[in-house]
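Residue-level listing of the chains:
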Amino acid sequence: MNILFFITPKSETAYLYDDCSLRQAIEKIEYHKYTAVPVLNKKGCYVGTLTEGDLLRIVKERYLLNYHEAEDIPLWQVPKRWNYEPVNINSNIEDLIEMSMRQNFVPVVDDEGIFIGIIRRRDIIQYCYQKSGIREEEEARRSARKQNAEQQILQ
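Residues numbered from 1 in each chain as written. Predicted model: local features only at pLDDT ≥ 70, side-chain atom pairs only at ≥ 80, totals over all residues. Heavy atoms only, no water.

## What to know about the pairing of strand E3 (residues 36–40)
Strand residues, when the strand is regular, have side chains that alternate between the two faces of the sheet.
Phase 1: Of all the 5 residues making up E3, 5 are buried; the element is thus mostly covered by neighbouring parts of the structure.
Phase 2: Of the two faces of E3, both are covered, the one formed by Ala36, Pro38 and Leu40 as well as the one formed by Val37 and Val39.
Phase 3: As paired elements, strand E2 (residues 16–17) and E3 share 2 bridges and run parallel to each other. Its bridge partner being in E3, Leu16 is matched across the sheet by Val39.
Phase 4: Where E3 meets strand E4 (residues 46–51), 5 bridges bridge the pair, whose relative direction is antiparallel. Residue pairing in the sheet places Ala36 in a bridge with Thr51 of E4.
Phase 5: In sequence, E3 turns back onto E4 through a hairpin of 5 residues, with Gly44 there showing a positive phi of about 90°. (Buried < 20%, exposed > 50% of the residue type's maximum accessible area, 1.4 Å probe, protein only. Helix = DSSP H or I, 4+ residues; strand = E, 2+ residues; numbered from the N terminus. Pairing = 2+ DSSP bridges.)

## Side note on the packing of helix H1 (residues 22–32) against helix H2 (residues 52–62)
Phase 1: Contact pair H1 / H2: the axes reach a minimum separation of 11 Å and the direction vectors enclose 140°. Classified by the angle their axes make, H1 and H2 are oblique. Crossing angle aside, the handedness with which H1 passes H2 is left-handed. In contact with Leu22, Ala25, Ile26 and Ile29 of H1, H2 contributes Glu52, Leu55 and Ile58.
Phase 2: The class makeup of the residues in the contact of H1 with H2 is 6 nonpolar, no polar and 1 charged. (Axes fitted to C-alpha atoms, helices over the stretch in contact; angles between N-to-C directions. Parallel < 35°, antiparallel > 145°, perpendicular 65-115°, else oblique. Left-handed = near helix turned anticlockwise from the far one by under 90°. Contact = heavy atoms within 4.5 Å. Nonpolar A, V, L, I, M, F, W, Y, C, P; charged D, E, K, R; others polar.)

## A closer look at the nonpolar core
Phase 1: Residues Leu16, Leu22, Ala25, Leu50, Leu55, Leu75 and Val78 are the most contacted members of the largest nonpolar core, which totals 14 residues.
Phase 2: At the level of elements, H1, E3 and H2 are the ones that each hand at least two residues to this core.
Phase 3: The element best represented in this core is H1, accounting for 3 residues.
Phase 4: Once residues within four sequence positions are removed from consideration, Leu50 is found in contact with Leu16, Ala25, Ile29, Thr35, Ala36, Val37, Val39, Leu55, Leu75, Val78 and Lys80.
Phase 5: Listed in part, the 12 residues of the second largest apolar core include Val87, Ile93, Val108 and Tyr127. (Core = buried A, V, L, I, M, F, W, Y, C linked by side-chain atoms within 4.5 Å.)

## Some details on the packing of aromatic side chains
The relation between two aromatic rings is expressed through the spacing of the ring centres and the mutual angle of the planes.
Phase 1: Tallied over the entire structure, the rule returns 6 aromatic pairs.
Phase 2: Seen from their ring centres, Phe6 and Tyr127 are 5.2 Å apart, and the 80° between their planes marks the pair as edge-to-face. Pair noted here: Phe6 is in the segment before strand E1 (8–9) and Tyr127 is in helix H4 (residues 121–132), with a separation of 121 residues, a long-range link.
Phase 3: Overall, the relative accessible area of 13% leaves Tyr127 in the buried class.
Phase 4: Consider the rings of Tyr84 and Phe105, whose centres lie 5.4 Å apart with planes at 50°: the pair is tilted. Of this pair, Tyr84 sits in the loop between H2 and strand E5 (87–88) while Phe105 is found in strand E6 (residues 105–109), placing the two residues 21 residues apart along the sequence. When sorted by exposure, Tyr84 lands in the same class as Phe105, which is buried.
Phase 5: Lys28 extends its terminal NZ or CZ atom over the ring of Tyr15, reaching a point 5.8 Å from the ring centre.
Phase 6: In this structure, Lys42 packs its charged tip against the face of Tyr17, placed 4.4 Å from the ring centre. (Phe/Tyr/Trp six-rings, centres within 6.5 Å; stacked < 30°, edge-to-face > 60°. Lys NZ or Arg CZ within 6 Å of the ring centre and 35° of its normal.)

Next up, the structure:
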């Protein structure tokens, strides 16, 4: 299955540019209540993902207790602990499953590395759940239990 079916496009995704300040990043992550946000360069290429942990580590390391000092630190200076690897738009859903076990979303880029959106882990899990047939099995068991209960009441 093509991953375009699962993509949340860039226009509907919160992201940051690598020259945004640390303060802007904190405000955007707090506003959207996200734990991680894609980071792009000015050309629109995906350059990494900023996590809450990355923010906490740089604040701790630089002892930034003054929120206004965070305005002077661009995101490209914030070290990233994890490398969120993007996938190409031509990838298939099977390529995403392993990646989604390590990260809560998978960035999607075109052939030139331009960020075009994300695929959320929950969408991948939902797809796998539906393909597994577990839902139908659970509904069949529920229906059978209901019929058994109705028969016992009638007896």
